[in-house]
Amino acid sequence: MKVVVCVKQIPDPADPGALDPETRTLKRDVKLILDESDSYGVEMALQLVDAAGEGEVILVSMAPNGERSGLATALAMGAASAILISDPELVGSDALTTAKLLATAVKDQGADLIIAGSESSDGYTGVVPEQIAGVLDLPSVTAAKSIEVDGSSIKVQRQTDGGYDDVTCPLPAVVSVTAGVVEPRYPSFKGIMAAKNKPVEEKSAADLGFDASQVGWAGAGQEIIEVTDAPKRQAGEVIEDDGEAFTKIVAYLENMKVI
Amino acid sequence: MICVMTQPSSPFYNDDHESYRQVVRQFTAKEITPNVHEWDLAGEVPRDLYRKAGDIGLFGDGFEAEYGGHGQRDALMRLVLMEELCMSGSGGVVAALFSNYIGLPPIQKFGSSDIKAEVIAPCQTGEKIGALAITEPSGGSDVARIKTTARKDGGDYVINGSKTFITSGMRADYFTAAVRTGPDGPAGISMIVIPGDAPGVARTKLDKMGWLASDTATLYFDDVRVPERYLLGEENAGFSMIVNNFNAERMDLAVQSVAFSRVCYNEALAWARERETFGRRLADHQVIRHKLVEMDRAINAHQAWLELLSWRLNQGDDPVAEIAEAKVGATVTYELCAREAAQILGGASYLRGDTVERLYREVRVQAIGGGSEEIMRDLASRQLGI
């Protein structure tokens with residue numbers, strides 16, 4: 001079984017990020033790490049290949065400056081190889097352009113299944129997996145909490161507000177995975193050492209058949225007009241304990257419909 | 001709070017070190033730090049933690065890949081993984097996990113391939129636990145006078161005697177033990193592997209001031225029969241094995257001491273920035289700022305020294321005197337930092353469950369175990385020809 005996992009490499013959320021004042025986009029000229037939300041997809045793919053008893057996991061990522069640190073983490077977890085799309089022309093690419101580029105890189109891999117995180121931890125557009133499916137004309141299942149391969153189809157438990165849906169879908173397909181549904185393995189020492197010798201194929205926009213007018217700022221169909229800070233968190237309600245504080249807390253929680 | 005080892009740009013570390021540092025950092029923050037107080041109360045770490053640690057290769061530095069090790073000895077990698085484990089703020093957890101690193105190296109160097117496969121391989125995966133058994137009730141630092149005997153009887157050795165202060169002593173599956181097979185003095189000592197389930201092995205748990213999460217025991221050997229093949233190297237050649245093994249243990253203890261000093265500093269700094277007295281943050285009082293700078297200064301100096309010593313070990317150097325000196329410096333630094341952190345935290349540092357309270361108690365074992373400060377100074381003076 002061959003599973004392609006689309007992964008994003010993002011600035012470390014532990015370090016305060018910075019926006020480029022001109023483009024109003026996140027500065028990405030720092031060391032990037034594997035987006036934690038993608039580690040769930042990598043883990044799920046590795047488990048599926050393990051369960052199948054054969055096959056491999058291939059990573060596809062788009063990142064500036066030939067950045068591979070995040071890919072190295074996923075390779076150390078057990079992925080077999082990676083395709084890295086990196087090209088100065090790609091700066092400013094919007095979600096749809098990103099999806100087109102990723103889909104083009106994925107297309108020739110002969111994947112049985114394409115997995116992606118539901119949304120990245122930096123951009124949060126939450127549309128790229130479905131756009132990849134659209135570009136490739138493949139069925140798309142979103143918000144998967146589990147995937148089970150059954151011959152030429154998959155059974156997916158799809159998370160919903162009220163529980164989950166059971167979905168059956170023919171392969172190949174694109175499935176987005178919800179964060180937190182599996183326990184991503186830690187890369188081992190041996191995995192880190194082995195990752196150094198795993199192939200990472202770097203491709204430019206031109207390699208994938210795109211010219212400069214189709215990608216980056218020039219090809220973007222969306223524009224960031226304005227960025228504003230998230231509103232500061234308001235101070236909470238302080239309940240003084242006069243011996244009856246618990247009744248006020250219970251009333252507050254009931255009012256919030258928490259209990 | 002989650003502590004992070006300050007890592008300025010350094011010429012010593014490569015991408016492998018940095019990658020593994022991140023893995024161990026995540027592992028420590030998720031699997032260990034939230035549990036250390038609970039494990040202190042339980043008096044041991046869960047056996048499952050050894051398997052999890054084995055999965056990411058925490059026991060592998062210096063061991064052959066054939067038996068599940070890293071396939072390389074990299075003192076800087078060892079320093080990295082020690083430092084990050086110590087960010088948990090529990091020397092007991094670190095001691096429990098890393099009894100493998102003091103018990104197994106003699107087997108790696110002098111054991112047959114059969115013994116390596118039998119002992120080292122399952123210890124690498126965390127299925128089994130190895131421990132070192134040198135110290136005896138009759139004496140600690142003077143290892144040349146050990147009294148536990150191993151008498152040849154047919155194809156076996158018959159072992160009688162006792163060992164004490166043995167880390168992982170209650171649970172270890174294999175003990176790498178020093179035994180007397182010859183005349184009095186260093187020329188009559190051998191090293192032998194004793195399976196923990198061999199008939200005649202008994203154990204008594206020791207209650208301690210610190211390292212509560214680590215099980216420590218006194219061992220009793222009463223006519224314990226061990227096949228001859230468990231002897232490591234030549235008969236009566238054990239003293240040099242012990243001495244050589246101590247160097248790595250002392251480096252580990254020094255690295256741990258500096259890392260725990262950093263935890264003390266981080267805890268004190270966070271508290272000093274948050275806590276207000278007399279209308280100002282603690283950190284705004286000059287006397288507190290000076291304490292913090294003294295801590296940071298000593299930590300940085302010793303961290304840099306240990307990195308340099310690790311690099312020299314990787315070059316094939318054997319700086320025995322400086323390792324002994326570094327261990328003294330590291331534990332003196334730890335003592336300073338634990339004390340000053342406790343002073344800064346005040347009453348909070350006197351409460352069970354507080355990180356500084358735990359480390360304050362654990363300073364002593366770092367300053368005594370693996371060679372006391374007094375013995376280290378004496379060793380260094382002899383090595384330096386003073």
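Refer to the structure printed above.
As the structure is a prediction and not an experimental result, all values here were calculated from the model.

**With respect to the side chain of B:Thr331**
Residue and element names in this part refer to chain B.
And step 1. By the secondary structure assignment, Thr-331 is in helix α11 (residues 320-345).
And step 2. Looking at Thr-331, the relative accessible area reads 0%, which means it is buried.
And step 3. Here Val-328 takes part through its backbone oxygen, which lies 3.1 Å from a polar atom of the side chain of Thr-331.
And step 4. Once residues within four sequence positions are removed from consideration, Thr-331 is found in contact with Ser-257, Gln-366, Ala-367 and Glu-373.

**Re a nonpolar patch on the surface**
All names here are of chain A.
And step 1. Where nonpolar side chains cluster on the molecular surface, the patch consists of Val-250, Tyr-252, Met-256, Val-258 and Ile-259 and spans about 480 Å² of accessible area.
And step 2. In this structure, Val-258 sits in the segment after α7 (245-255).
And step 3. For Val-258, a relative accessible area of 56% puts it in the exposed group.

**A short note on the interface of chain B and chain A**
And step 1. Every contact between the two is made by 17 residues of chain B and, on the other side, nine residues of chain A.
And step 2. Interface of chain B and chain A: buried area, both sides summed, is about 1,100 Å²; carbon and sulfur atoms make up 62% of it.
And step 3. Our count for the contact surface shared by chain B and chain A stands at two salt bridges.
And step 4. For A:Glu183, the salt bridge goes to B:Lys30, with nearest N and O atoms at 2.0 Å.
And step 5. The tally of links between chain B and chain A comes to four residue pairs in polar contact (both at pLDDT 80 or more).
And step 6. Among the residues making up the side of chain B that touches chain A, the classes are represented as six nonpolar, seven polar and four charged.

**Looking at unusual backbone geometry**
And step 1. Geometrically, the link from A:Leu171 to A:Pro172 is a cis peptide bond, its omega value of 0 degrees lying close to zero.
And step 2. Within the element layout of this structure, A:Pro172 appears in the loop between β9 (164-170) and β10 (173-177).
And step 3. If you check the backbone angles, B:Phe165 has positive phi at about 60 degrees while not being a glycine.
And step 4. Relative to the helices and strands, B:Phe165 is located in strand β3 (residues 156-167).
And step 5. Non-glycine residue B:Ser168 carries a positive phi angle of around 65 degrees.
And step 6. The buried category is assigned to B:Ser168, whose relative accessible area is 1%.

**Describing the packing of aromatic side chains**
And step 1. Tallied over the full model, the rule gives eight aromatic pairs over all chains.
And step 2. Geometrically, the ring pair formed by A:Phe189 and B:Tyr20 is edge-to-face, given 5.3 Å between the ring centres and 85 degrees between the ring planes. One end of the pair, A:Phe189, is in helix α5 (residues 189-195); the other, B:Tyr20, is in helix α1 (residues 15-32), on a second chain.
And step 3. One aromatic cluster in this structure is built from B:Tyr50, B:Phe59, B:Phe63, B:Phe98 and B:Tyr101.
And step 4. Over the ring of B:Tyr101 we find B:Arg78, and its NZ or CZ is 3.9 Å from the ring centre.

**Some words on the environment of B:Tyr334**
Residue and element names in this part refer to chain B.
And step 1. Note that Tyr-334 resides in helix α11.
And step 2. Taking relative accessible area as the criterion, Tyr-334 reaches 0% and is therefore assigned buried.
And step 3. Taking the C-alpha atoms as reference points, Tyr-334 and Ile-194, 140 residues apart in sequence, are found 35 Å from one another.
And step 4. For Tyr-334, the contacting residues outside a window of four places in its chain are Ser-257, Phe-260, Ser-261, Cys-264, Leu-359, Glu-362, Val-363 and Gln-366.

**Concerning the pattern of salt bridges**
All names here are of chain B.
And step 1. For the structure shown, the criterion picks out 40 salt bridges over all chains.
And step 2. In this structure, Asp-61 and Arg-78 form a salt bridge, with 3.0 Å as the shortest nitrogen-oxygen distance. With Asp-61 in the loop between α3 (47-55) and α4 (75-86) and Arg-78 in helix α4, this pair connects stretches of sequence that are 17 residues apart. In this structure, Asp-61 and Arg-78 share a single accessibility class: buried.
And step 3. The salt bridge involving Arg-382 is made with Asp-378; its shortest N-O contact spans 3.6 Å.

**Notes on the sheet that holds strand β7 (residues 140-150) of chain A**
All names here are of chain A.
And step 1. Pairing within the open sheet is mixed, and its nine strands lie in the order β9-β8-β7-β10-β6-β1-β4-β5-β11. Looking at the sheet topology across the chains shown, the edges are occupied by β9 and β11 (200-203). Along the sheet, successive strands turn relative to each other by an average axial angle of 30 degrees, direction set aside.
And step 2. One ladder, built from six bridges, connects β7 with strand β8 (residues 153-159); its direction is antiparallel.

Parameters at a glance
- Residues numbered from 1 in each chain as written.
- Chains lettered and ligands numbered in written order.
- Predicted model: local features only at pLDDT ≥ 70, side-chain atom pairs only at ≥ 80, totals over all residues.
- Heavy atoms only, no water.
- Helix = DSSP H or I, 4+ residues; strand = E, 2+ residues; numbered from the N terminus.
- Buried < 20%, exposed > 50% of the residue type's maximum accessible area, 1.4 Å probe, protein only.
- Polar contact = N/O pair within 3.5 Å; in protein donor to acceptor, adjacent residues only side chain to side chain.
- Contact = heavy atoms within 4.5 Å.
- Patch = residues over 30% accessible without salt bridge, like charges linked within 9 Å, V, L, I, M, F, W, Y side chains within 5 Å.
- Areas by Shrake-Rupley, 256 points an atom, 1.4 Å probe, with all protein chains shown as cover.
- Salt bridge = Lys/Arg side-chain N within 4 Å of Asp/Glu carboxyl O.
- Buried area = accessible area lost by both parts, 1.4 Å probe.
- Nonpolar A, V, L, I, M, F, W, Y, C, P; charged D, E, K, R; others polar.
- Phe/Tyr/Trp six-rings, centres within 6.5 Å; stacked < 30°, edge-to-face > 60°.
- Lys NZ or Arg CZ within 6 Å of the ring centre and 35° of its normal.
- Pairing = 2+ DSSP bridges.
- Axes fitted to C-alpha atoms, helices over the stretch in contact; angles between N-to-C directions.

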